[in-house]
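# Architecture and fold: a report
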Amino acid sequence: METIAKRTTGWVVIETLRNYGVDTVFGIPGTHNLEFYRPLTALGIRAVTARHEQGAGYAADGWSLQSGKPGVVITTSGPGLLNALSAAGTAYCESRPMILIAPGPARGAEFADVGTLHETKDQLAAASAIVEWGRRVQTAEEAVAAIHDAFALFATGRPRPVYVEVPLDLLEESCELPQEATAAREAAPVAAPDPGAIAEAAALLSAASTPVILAGGGSRGAAAELRILAERLGAPVVTTGNAKGVLDEHHPLALGANLRLAAARELARDADVLLVVGSKLGEAELWVDRLDARGAVIRVDLLPSQIHKNQEARIGIVGDARAALAALIPKTEAAAPATTRAEALVAETLGAVRAECAALSPENTAIAEAIAAALPADAIVATDSSQIAYWGLLNTLRVRTPNSTPYMTTYATLGYGVPAALGSRIAAPGRPAIVVTGDGALMFSVNEFMTVVEQGEDVTVIVVDNGGYAEIQQNEADAGIAPIGVRLAQPDWPALAAAFGGTGRRARNRAELSAAVAEAVAAGGLQLIHIEQASFDASEGR
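The text that follows walks through the structure, step by step, so that each part is easy to find. Keep in mind that this is a model prediction, so the values were computed, not measured. Each residue is numbered by its place in its chain's sequence as written, counting from 1. Under the rules for a predicted model, residues below a pLDDT of 70 receive no local features and side-chain atom pairs below 80 are neither given nor counted, while totals for whole chains, interfaces and linings still include all residues. Note that water and hydrogens are dropped before the side-chain values are worked out from all heavy atoms of the structure.

## With respect to the sheet that holds strand S3 (residues 71-74)
- Spatially, the six strands line up as an open sheet ordered S2-S1-S3-S4-S6-S5, and their pairing is parallel. Strands at the two margins of the open sheet, each flanked by one partner only, are strand S2 (46-49) and strand S5 (133-136). For this sheet, the mean angle separating the axes of adjacent strands, direction not counted, is 25 degrees.
- Being paired, for any two strands, means DSSP has found at least two bridges between them. Each helix is a run of H or I in the DSSP string that is no shorter than four residues. Each strand is a run of E no shorter than two, and both are numbered from the N terminus. Judged from the two bridges that link them, strand S1 (residues 24-27) and S3 form a sheet pairing that is parallel. Note on S3: the bridge partner recorded for Phe26 is Val73.
- In what follows, a contact means two residues having at least one pair of non-hydrogen atoms within 4.5 Å. Every axis corresponds to a line fitted to the C-alpha atoms, with the helix fit spanning only the stretch in contact, and the corresponding angles, defined between N-to-C directions, vary from 0 to 180 degrees. Lying on the sheet, helix H1 (residues 9-19) is in contact with S3, strand S4 (98-104) and strand S6 (162-167); it crosses S4 at an angle near 175 degrees.

## Considerations on the pairing of S6
- Within S6, six of the six residues are buried, which leaves it mostly tucked inside the rest of the structure.
- Residues Val162, Val164 and Val166 point to one face of S6 and Tyr163, Glu165 and Pro167 to the other, with burial holding for every one of them.
- Note: S4 against S6, six bridges, orientation parallel. Its bridge partner being in S6, Gly104 is matched across the sheet by Pro167.
- Summarising the sheet, S5 and S6 pair through four bridges and their orientation is parallel. Among the inter-strand pairings, Gly134 is bridged to a residue of S6, identified as Tyr163.
- Looking down the strands as they point away from you, a crossover is right-handed if its path from the first strand over the helix to the second goes clockwise. Crossover handedness for the path S5 to helix H6 (residues 140-156) to S6: right-handed. Partly exposed describes any residue whose relative accessible area lies between the buried limit of under 20% and the exposed limit of over 50%, with all areas from a 1.4 Å probe on protein chains only and scaled to the type maximum.

## Quick look at the pattern of salt bridges
- Should a side-chain nitrogen of Lys or Arg be within 4 Å of a carboxyl oxygen of Asp or Glu, the pair is scored as a salt bridge. Taken as a whole, this structure holds 25 salt bridges when the rule is applied.
- A salt bridge links Lys244 to Glu249; its shortest N-O distance comes to 2.9 Å.
- Looking at Lys244, the relative accessible area reads 2%, which means it is buried.

## Structural notes on the sheet that holds strand S13 (residues 380-383)
- Strand order in the open sheet made by the five strands is S13-S14-S15-S17-S16, with parallel pairing throughout. Strand pairing shows two members of the sheet lacking a second neighbour, S13 and strand S16 (503-506), which therefore form its edges. Looking at each pair of strands side by side, their axes are set apart by 20 degrees on average, direction ignored.
- As paired strands, S13 and strand S14 (residues 433-438) are joined by four bridges and run parallel to one another. Each residue of the ladder has a partner; that of Thr383, found in S14, is Val436.

## With respect to the environment of Ile371
- Note on placement: Ile371 falls in helix H14 (residues 362-374).
- For the pair Ile371 and Thr396, spaced 25 residues apart in sequence, the C-alpha to C-alpha distance is 9.4 Å.
- Filtering out sequence-adjacent residues up to four positions away, Ile371 remains in contact with Ile388, Leu393, Val436, Ile462, Val464, Leu513 and Ile531.

## Thoughts on the pairing of S16
- As judged from the four bridges shared by S16 and strand S17 (residues 526-532), these two strands associate in the parallel manner. Residue pairing in the sheet places Gly504 in a bridge with Leu528 of S17.
- Regarding topology, helix H21 (residues 510-523) serves as the crossover connection from S16 to the parallel S17, and that connection is right-handed.

Purely geometric stuff here, so don't read any function into it on its own.
Written as structure tokens, this is what we have:
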């Protein structure tokens, strides 16, 4: 049958999103949210139905990282919304744009406690405790205004998730708003950074003997400017996990996303001038409480509140990273001889980083190197908070562009990898989508295998099986606790993939892994490669 077109409040909300360039939404249809789904086909918007709202949120995040637009999650009221809040928490911690929209109780029925379907004490308060702002609208005009306000935030402020709740009676109400009301609005210009702070910072950087740039997630829109400034100053660049690839990690000044490892972190700490771009310098990125830089610190951030957070700055530049770096470039002096010395220092430091990785986790480092060698050069590699990721792959894999490794350093959730890879693949269909995850993490989102198959997308999952929650088992041992709740029974992973309509393989050594990855990417669809950590031979030539 054909959908009956009805211009409801739900319709104008979706129309407004479409006018800002959103062509894909993620969620699960429910009894109460159908008016958000009614206009999707007519407006040319793809609906991706996840098998759990948390997966919908993580898929939206992966899509957002590749498309540059906010991920949109549609849930039903009550449990649907609450299921998605872990994804909203991820977007908040990692400063990523996301819009959650859901129906709420009809106007006048708030806190009724009469046993209506999906009744929840206060879902607006629940969501508002997680997101940047939550808003329960009372009219169609307010609903559309909330979408406009969300895009204004994403364009000019720190990108974080927002929640828009539309009362059920309003959602289904006919709407007479003119189409001009839903048209995308031009964002206000971003304020230029203070010229005095720019001049002072440029003079300090130009006089530096051992400058270093530390790039965080806020630098991802300034990749070109960051490279030019680094080359001009002869400054090594170390990044956080969220900024991985903001400088091509094959560049001779690139230290990669190795801030958590002592060799790279000490280089930043010992710089006579450290330029920090778009990072809060949190413990989750550093793996220590504080950086405690010994030299002069210059910080660039959108928000004044971040300038001295976790690390005092001598000079604070409040503004967009791209604008700030573009302003610094012509005011700094080129340092060609220093560049040669810096490149040698970077090569030496990377050698120390590799040795440190191998000492901290030899098994994960060896397997990660084997995986990195097998992957296509242009792959998007989504990961979970699994040992194979933070003990191995994120340190060994070198990528050329930002957002190539969807991850959540601070929130450190499980179940992110598969849906994030799916969302990434939908937004960037020309790039192979790979998941590298542990067995414990994969069980959090194995249901999304069906979403991959249903959507007809190509996703290859590499699961490194260490028998359960190995990190927590070690934590227990360190605390004097015998293993409890951490040694997990395993399914037949290749057979499980086949049960979902995919293809499963096992890789027992480096050669088999390389062949399995090539075959999986060429075949397409849902592909799974199982690596049993205890028996994998990562040596060369096997």
